Amino acid sequence: MSFFPKDYDPQGEILGALDLCEIDTPDGPMRFMIGADGIFTDVHGHKWYGTQLASVSSLESALEGRAPEGSITLSYFQDPEADDLISEVKALGVDYIKGRAIRFFFQPIGSMAELYQPKHPPKQWMQRTMRSLRFTASGAQDRSISLGFEAWTEKRRAAGRLVMNTEGHARLTGAPNPSLQFAPTSGFEEEKLFG
């Protein structure tokens, strides 16, 4: 079974894809096209709003004591005449997004015409849980808003320890293995068996 649609050749002469991101909110899903300007309408009629000002970080693993996470960031210049976007997002608060899903989609594009009349629906390839909001200001008008989400290794730190004894084997496979009651519990040897 292929990830790609049947009539989409990932090695074809004309090859394209859009990176799409959907954020679940209490007011309904917000859909974005990452790294491209404009509006893309998918086969279901959903509009994805694009901006080159948005970027997604690489997804970290839980290494060297770091809590794993990824983020999507909007960097922009605040228009002095416009409403302050950071203040508006802060007014919603982190509870607006915390614990909700962020989904990433792959939109296959086989020709220029498919940018305006796509043949395939977006294909979801990842879903994570949103955790945090961060705001930065640099200089007079340089601003960024980052939305943090769990990484692919999020559940690893909560994994329960499984001891390979009779009970552990039963939890793992659903059937006990009585021979494990004779498994050694330490590597200590009082006396060598062979000299």
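Residues numbered from 1 in each chain as written. Predicted model: local features only at pLDDT ≥ 70, side-chain atom pairs only at ≥ 80, totals over all residues. Heavy atoms only, no water.

Observations regarding the sheet that holds strand E6 (residues 69–77)
The sheet built from nine strands is open, its strands ordered E3-E4-E2-E1-E7-E8-E9-E6-E5 with mixed pairing. At either end of the open sheet lies a strand with only one pairing partner, and these are strand E3 (38–41) and strand E5 (54–56). Between one strand axis and the next, the sheet turns through 35° on average, direction left out of account. Where E3 meets strand E4 (residues 47–51), four bridges bridge the pair, whose relative direction is antiparallel. Bridged to Phe40 within E4 is Trp48. (Pairing = 2+ DSSP bridges. Helix = DSSP H or I, 4+ residues; strand = E, 2+ residues; numbered from the N terminus. Axes fitted to C-alpha atoms, helices over the stretch in contact; angles between N-to-C directions.)

Brief notes about the nonpolar core
Ranked by size, the top nonpolar core spans 13 residues in total, and within it Cys21, Ile23, Ile72, Ile102, Phe104, Met130 and Leu147 carry the most contacts. Setting aside its immediate chain neighbours within four residues, Ile23 contacts Gly28, Pro29, Met30, Phe32, Ala101, Ile102, Met130 and Leu147. One finds Met33, Phe40, Trp48 and Phe105 within the second-largest nonpolar core, a separate group that totals seven residues. (Core = buried A, V, L, I, M, F, W, Y, C linked by side-chain atoms within 4.5 Å. Buried < 20%, exposed > 50% of the residue type's maximum accessible area, 1.4 Å probe, protein only. Contact = heavy atoms within 4.5 Å.)

Some words on the packing of aromatic side chains
Going through the model one piece at a time under the given rule, you end up with three aromatic pairs. Both rings, one in Phe104 and one in Trp125, keep their centres 6.1 Å apart while their planes meet at 45°; by these two values the pair is tilted. Here Phe104, found in strand E7 (residues 101–109), pairs with Trp125, found in strand E8 (residues 123–138); they are 21 residues apart in sequence, far enough to count as distant. For Phe104, a relative accessible area of 5% corresponds to the buried category. Plain terms: the ring middles of Phe104 and Phe149 are 5.5 Å apart, the flat faces sit at 50° to each other, and that makes the pair tilted. Taken together, the positions of Phe104 in strand E7 and Phe149 in strand E9 (residues 142–150) put the pair 45 residues apart, joining distant regions of the chain. Members of the aromatic cluster, joined through ring pairs, are Phe104, Trp125 and Phe149. The aromatic ring of Trp48 is capped on one face by Arg31, whose charged end is 5.8 Å from the ring centroid. (Phe/Tyr/Trp six-rings, centres within 6.5 Å; stacked < 30°, edge-to-face > 60°. Lys NZ or Arg CZ within 6 Å of the ring centre and 35° of its normal.)

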